[in-house]
Amino acid sequence: MRQLGLGLTMAAAGLAMALQTARADEELPIGVIAAQSGSFVSAGNTIVGAANLAAQQINDAGGIKVGDKTYKIKLYIRDNRTDVNVSIAAARELVNDIGVKAIWGTETHDFSVSMAKITGPAKVLQFSGNSSLGAVLDDKAVADDGWLHYTFQSEPQEWQRSGSTAKGVLSLLTSQLKSPPKHSVVFVGNDATGQYLSSHYVKALEAEGQKVDLVQYPPDTTDFSPLLTRIKGMKPDIVHFWYNGDSTLTAFPQALKLGVAPSYFLFGVDPGIYQERSLKADVPVTLSCVPVCWGSSPFPEVKQYFEKYFGLGAAKGPQSSVSLLYYDYFFWYAKALEKVGKIDDPDAVVAELLKSDYKGVVSPVPLVFNKHHQVTFATEVCMVEPNTSDQFKCAVEQPPAAPPPGDNGG
Amino acid sequence: MDIFVQQLVNSLSVASVTILIGIGITLIFGLAGIVNFAHGEFLMVGGMATWFMVGAGMNFFVALVFAGLLVGALGFAAERCLFRFTLNRPMNGFIMSIGLSVILQHAIIRVFNEFQKSITDPVGLVWTIGGVDIIAMRAIVVAITAVIVAITYFGISRSRYGMALRASVSDRDTAELMGIPVRRYVTGVFIYGSLLAGIGGALMISLFPITPFTGSVIIIRGFAVSLIGGLGNVGGAVVGGLVLGLVDGLSAGYGYPEWTDAYSLVVMILILVLRPQGLLGGTLGPKAS
């Protein structure tokens, strides 16, 4: 009888512990909408890679302690198939059917804005790494009753990125050229993102004293030789291949063969890719990454991050670094939830995110959201030694304090 | 003047790969009666196979031959397993080919990955003649294209096989009554067109990086070339490719560069409105029976 009593007591204790464990492992549903198929897949997969790594690390570290409960992140990943309609459908499903508390994604401005029209009314937080969101994140939109109150831009404003990039590129190239560069040609794809981004970059270069010509090419161009021949006729000091890393990697070797300019800047081409492709130029070439380079980062945290990121099976590509536009925000969001003490108070979480900071991997300086829900951090610009594929000199350039003349900062 | 001549040289090389894919489409579309929207993906597979073989240490020109054979075999499988069942319903075949193109894109992503692939320029020379830069590999691509065009042209217009093929297109029933194995000819045309796509892909990756989505972009130009020249007309595909190449090269050099694609398509629309049968005339394309 005594043994039976002891057994019952132990069983009760075991049940209580099991219940405790079950309570401790409550689920925090988070959505990820990204292209895992279609033409944006190379960017989309980086969002998924970052989300998987962050969720695994948070969960392995014990989860998120909110009040007296501990939550483990449960990711609901949806493929938007590079289609805005599928993105909208996925957002509806995640918000209405699954009840996610936040959504990470997506690769492109138009899709993110469409998703925000669903996440906003449902009070679901949205983290999107599109600098072009600056065009819509204004006082009215982010107000308490605004449609973007729950949306956060996890990439710096474009005038900031353009400003730091222009400064870094010119500073690195000036020391390599016989005379200071005066004439730049910005070569960019003629799509909505390209138009938006180049409008800021042209102003940033002009603010640095450059005479700038803008040459736009149709998206999906493969043979750039006619356009590059035209640019060669303009006799530029620098050709800036802007915005689309894949197009840049197609156009740049053609430019080298045609001898288009005495120096180049390749936006969004990681030193790791430059090395992998065995690219080599007999003229100075600068590179920048979005937001920091996996192939040559001066920061040990970034190197460790990419070791783990690639360790999970993510492919090394021109856009791998885009994953860092998403990774840190999982930890920042978790920190905000812990501080607020409940997961069902999105307004309090928004307020906490706006008043807190977070020292992540993407920036040695703690991240802070401004009043328009946008972060600020520096840009890494590298220069490759002429006639080498693997000798890089990198610098981290801080963004300017204010937009250049003629740039409204949007 | 140097720049103008350079643009003319550029136009010629722009035209080459387009002509190659245009010939494949014009044969399959115009002669076999199959609208294969996955033809661009066949080219992409050829390029990816070349990338893989060159990466494994194979000589580029040997890899080019293997890429052609591999994609030819892919074409054989596609025709036997899929398109054979839609010969009398071309629209079904067209829709099926769209599905096939998506499947091929994602099969390549699964096998390799989604990122762009490139190879080192197999020749790596640039000749400067009178201030004009001629990239040696581009000249080789033009030469290979010219040889393929010549072989195909004479094969279609002069050989017994070509005559029988054209007879099959004119009147399939009578051709069959005359003992021409029309079905087998259709398979043969499909394989040959696919082989050209494989070679086109190999030549393309020798000039430009390619992605799993390259095919979906180039297919539009391939159809434009075949329609401008006249369906089933090899000479027409060459003329169509040259027209588009010149329009591309000169508009990029002297027009609004961002409208380069639009200029080519406007030219295509004008030609099709004024000469619905194409510049050199051709077949009427696939017919439902």
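Owing to the predicted nature of the structure, the values given are computational and were not obtained by experimental measurement. (Residues numbered from 1 in each chain as written. Chains lettered and ligands numbered in written order. Predicted model: local features only at pLDDT ≥ 70, side-chain atom pairs only at ≥ 80, totals over all residues.)

A. Here's a closer look at the overall build of chain B. Helix and strand counts for chain B come out as eleven helices and two strands. Each helix and strand of chain B, ordered N terminal to C terminal, gives the series α-α-α-α-β-β-α-α-α-α-α-α-α. For 289 residues, the compact-globule formula gives about 19 Å, and the C-alpha radius of gyration of chain B, at 19 Å, lands near that figure. With the C-alpha coordinates of chain B rotated into their principal frame, the extents come out at 60 × 45 × 35 Å. Buried positions account for 55% of the 289 residues belonging to chain B. Within chain B, counting contacts between residues at least 6 apart in sequence, those at least 24 apart form 79% of the total. (Helix = DSSP H or I, 4+ residues; strand = E, 2+ residues; numbered from the N terminus. Rg over C-alpha atoms; globule rule 2.2 N^0.38 Å. Buried ≥ 20, exposed ≤ 12 C-beta atoms within 10 Å, placed from the backbone. Contact = placed C-beta atoms within 7 Å.)

B. Looking closely at the domain arrangement of chain A. All names here are of chain A. Here chain A is partitioned into domain 1 (2-156 + 299-368) and domain 2 (158-296 + 378-397). Here the C-alpha centroids of domain 1 and domain 2 sit 33 Å apart. With 21 residues of domain 1 at the contact, the number on the domain 2 side is 22 residues. Every element with two or more residues in the side of domain 1 that touches domain 2 is listed here: α4 (109-119) and α11 (300-311). Considered class by class, the residues forming the side of domain 1 that touches domain 2 number nine nonpolar, nine polar and three charged. (Domains from an automatic or database assignment. Nonpolar A, V, L, I, M, F, W, Y, C, P; charged D, E, K, R; others polar.)

C. Focus on the interface of chain A and chain B. Contacts between chain A and chain B engage 29 residues on the former and 30 residues on the latter. Contributions of two or more residues to the side of chain A that touches chain B are made by α2 (41-60), β8 (211-217), α8 (225-233) and α9 (245-258) of chain A. Split by residue class, the side of chain A that touches chain B holds nine nonpolar, 14 polar and six charged.

D. Expanded view of the sheet that holds strand β4 (residues 102-104) of chain A. Residues and elements named next belong to chain A. Read from one edge to the other, the open sheet built from six strands follows the order β2-β3-β1-β4-β5-β6, with strand pairing classed as mixed. Among the strands making up the open sheet, the edge pair consists of β2 (64-66) and β6 (151-153). If you compare each strand with its neighbour and ignore which way they point, the axes differ by 30° on average. Packing against the sheet, α4 makes contact with β1 (26-34), β4, β5 (125-128) and β6, and its axis sits at approximately 170° to β5. (Pairing = 2+ DSSP bridges. Axes fitted to C-alpha atoms, helices over the stretch in contact; angles between N-to-C directions.)

E. Region of the structure containing the sheet that holds strand β9 (residues 238-242) of chain A. Residue and element names in this part refer to chain A. Pairing in this open sheet of seven strands is mixed, and the strands run β8-β7-β9-β10-β11-β14-β15 from one edge to the other. Every interior strand has two partners, whereas the edge strands, β8 and β15 (392-397), have only one. Strand after strand, the sheet turns through a mean of 20° between neighbouring axes, direction not considered. Across seven bridges, the pairing between strand β7 (residues 183-189) and β8 is parallel. Paired with His183 across the two strands is Lys211, which belongs to β8. Contacts from helix α6 (residues 158-174) reach β9, β10 (264-267), β11 (285-288), β14 (379-384) and β15, with the element oriented near 25° to β14. Relative to the sheet, α8 contacts β7, β8 and β9, its axis offset from that of β8 by approximately 165°.

F. Geometry of α6(A). In this model α6(A) runs 24 Å from its N-terminal to its C-terminal C-alpha over 17 residues, within 8% of the 24 Å that 1.5 Å per residue would give. Extensive coverage of α6(A) is indicated by the burial of 15 of its 17 residues. (Expected span 1.5 Å × (residues − 1).)

G. Up close: the packing of helix α9 (residues 214-229) of chain B against helix α10 (residues 234-254) of chain B. Residues and elements named next belong to chain B. In contact at an axis separation of 7 Å, α9 and α10 are set at 120° when each is read in the N-to-C sense. Taken together, α9 and α10 sit at an angle that is classed as oblique. The chirality of how α9 crosses α10 is right-handed. Where α9 approaches α10, its residues Arg221, Ala224, Val225, Ser226, Ile228 and Gly229 are matched on the opposing element by Gly236, Ala237, Val239, Gly240, Gly241, Val243 and Leu244. (Parallel < 35°, antiparallel > 145°, perpendicular 65-115°, else oblique. Left-handed = near helix turned anticlockwise from the far one by under 90°.)

H. Local environment of the environment of Phe330(A). All names here are of chain A. Inspection of the secondary structure assignment puts Phe330 in helix α12 (residues 327-340). Phe330 sits in the buried class, given 24 other C-beta atoms within 10 Å. Between the C-alpha atoms of Phe330 and Asp145, which are 185 residues apart in sequence, the distance is 25 Å.

I. A look at the packing of helix α2 (residues 39-55) of chain B against helix α8 (residues 182-207) of chain B. Residue and element names in this part refer to chain B. It is the contact of α2 with α8, at a shortest axis distance of 7 Å, that shows an interaxial angle of 55°. Classed by the angle they form, the pair α2 and α8 counts as oblique. Relative to α8, the crossing made by α2 is right-handed. Between α2 and α8, the residues in contact are His39, Phe42, Leu43, Met44, Val45, Gly46, Gly47, Thr50 and Trp51 and Ser194, Ala197, Gly198, Ile199, Gly200, Gly201, Ala202, Met204 and Ile205, respectively. For the contact of α2 with α8, the class distribution of residues is ten nonpolar, eight polar and no charged.

J. Summary view of the pairing of β9(A). Residues and elements named next belong to chain A. Most of β9 sits out of view: five of its five residues are buried. Of the two faces of β9, both are covered, the one formed by Ile238, His240 and Trp242 as well as the one formed by Val239 and Phe241. Note: β7 against β9, five bridges, orientation parallel. For Val185, the partnering residue across the bridge sits in β9 and is Val239. Note: β9 against β10, three bridges, orientation parallel. Bridge pairing in β10 links His240 to Phe265. For the crossover that starts at β9, traverses α9 and ends in the parallel β10, the hand is right-handed. (Right-handed = clockwise from strand over helix to strand, strands pointing away.)

K. Inspection of the environment of Asp390(A) at higher detail. Residue and element names in this part refer to chain A. By secondary structure assignment, the location of Asp390 is in the loop between β14 and β15. Residue classification places Asp390 among the partly exposed positions, given that 15 C-beta atoms sit within 10 Å. With 237 residues separating them along the chain, Asp390 and Gln153 place their C-alpha atoms 33 Å apart.

L. Summary view of the pairing of strand β1 (residues 126-129) of chain B. Residues and elements named next belong to chain B. Relative to strand β2 (residues 132-135), β1 runs antiparallel, the two sharing four bridges. Across the sheet, the residue bridging to Ile129 is Val132, located in β2. In this structure, the hairpin formed by β1 and β2 is closed by a connection of two residues, where Gly130 is found at a positive phi of approximately 60°.

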